Amino acid sequence: ATAALGRALMGTSMLGDMLKTEKGSVTMQIKGGGPLGTILAVSDNEGNVRGYVQNPNVDIIEKYEGKLDVGAAVGGEHVEAGTLTIIKDVGMKEPYVGTIGLWSGEIADDLAMYFVESEQIPTVCALGVLVGVDQSVTSAGGYIIQLLPGATEEIITKIEAGVHRVGSVSAALEGGMDAE
């Protein structure tokens, strides 16, 4: 629950920071059908974020030693039936609401797919939350990289190489890498 909520908070914070309106807000709602239930996070336009998990009392699920299986906790065996909804309130009469089917339950992957499917913007997203043995968050971080129209193959290749070089956000944080 800590890793899933932390990833949702990080992603939503970055989405809020990307808003172009002064009093805007963005909400991320994940209904995966897994043991965590609904995950909800809300951010203002400065990235100030809050959120909750419907059922935080889920036993630790590991993919392998040291890697939590957030996708299984979010969506379980039926992740494809789940949804990711992004609600952007930018001060218009009605907020913009985009919903996609969950891709994997891994929140960064699903957020990247949201951008591709709902906003038609090629996007790379990575989110990482390191949870210590005492269940506290030792570090958290992430990035969202989007291609601008007209991006050349050279630029795309450089971005892909950088993403590959950094690897897992959690591993990069554990190794001491900073945001810069």
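A few points on the structure. Worth saying up front: this structure is predicted, and the values here are computed from it rather than measured. (Residues numbered from 1 in each chain as written. Predicted model: local features only at pLDDT ≥ 70, side-chain atom pairs only at ≥ 80, totals over all residues. Heavy atoms only, no water.)

Some points on the side chain of T27
Structurally, T27 is set in strand 1 (residues 25-31). Ignoring anything within four residues of it in the chain, the contact list for T27 reads L40, A41, V42, T85, I86 and I87. (Helix = DSSP H or I, 4+ residues; strand = E, 2+ residues; numbered from the N terminus. Contact = heavy atoms within 4.5 Å.)

Thoughts on the pattern of salt bridges
The final tally for this structure, using the stated rule, is 3 salt bridges. The shortest N-O distance in the salt bridge between K88 and E119 comes to 2.7 Å. In this pair, K88 is assigned in strand 6 (residues 83-89) and E119 in the loop between helix 3 (107-118) and strand 8 (123-131), connecting sequence segments 31 residues apart. A relative accessible area of 17% places K88 in the buried class. Of the charged contacts in the structure, one is a salt bridge between K158 and E154, with a shortest N-O distance of 3.7 Å. (Salt bridge = Lys/Arg side-chain N within 4 Å of Asp/Glu carboxyl O. Buried < 20%, exposed > 50% of the residue type's maximum accessible area, 1.4 Å probe, protein only.)

Comments concerning the side chain of E106
Within the fold, E106 resides in the loop between strand 7 (96-101) and helix 3. In this structure, E106 is in contact with R7, K63, K67, D69, V70 and G71, ignoring residues within four places of it in sequence.

A closer look at the layout of surface pockets
Taken as a whole, the second largest pocket holds about 320 Å³ of empty space. Around the second largest pocket, the lining comprises 15 residues; the ones closest to its centre are Y143, V166, M177, D178 and A179. Elements that contribute at least two residues to the lining of the second largest pocket include exactly strand 9 (137-146), helix 4 (153-166) and helix 5 (169-174). Taken together, the residues that form the lining of the second largest pocket break down as 10 nonpolar, 3 polar and 2 charged. (1 Å grid on protein atoms, 1.4 Å probe; cavity = no way out; pocket = protein on both sides within 12 Å on 5 of 7 lines; lining within 4 Å. Points joined across faces, edges and corners; volume = space filled by probe spheres on them. Nonpolar A, V, L, I, M, F, W, Y, C, P; charged D, E, K, R; others polar.)

Some points on the sheet that holds strand 6
Two modes of strand pairing occur in sheets, parallel and antiparallel, and in both the strands are linked by backbone hydrogen bonds. One open sheet holds the 5 strands; their spatial order is 3-2-1-6-7, and the pairing between them is antiparallel. Every other strand in the sheet has two partners, leaving strand 3 (49-53) and strand 7 as the edge strands with one partner each. Adjacent strand axes in the sheet meet at a mean angle of 10 degrees, parallel and antiparallel pairs treated alike. Pairing between strand 1 and strand 2 (residues 38-44): 7 bridges, direction antiparallel. Across the sheet, I30 pairs through a bridge with I39, a residue of strand 2. Against the sheet, helix 3 contacts strand 1, strand 2, strand 6 and strand 7, and its axis sits at roughly 120 degrees relative to strand 7. (Pairing = 2+ DSSP bridges. Axes fitted to C-alpha atoms, helices over the stretch in contact; angles between N-to-C directions.)

Points about the packing of aromatic side chains
Scanning all chains against the criterion turns up 1 aromatic pair. With 5.4 Å between their ring centres and 70 degrees between their planes, Y114 and F115 make a pair best called edge-to-face. Residue classification places Y114 among the buried positions, given a relative accessible area of 0%. Judged by relative accessible area, which is 1%, F115 ranks as buried. (Phe/Tyr/Trp six-rings, centres within 6.5 Å; stacked < 30°, edge-to-face > 60°.)

Here we look at the environment of L148
If you trace the backbone, L148 turns up in the loop between strand 9 and helix 4. L148 sits 26 residues away from P122 along the chain, and the two C-alpha atoms are 8.6 Å apart.

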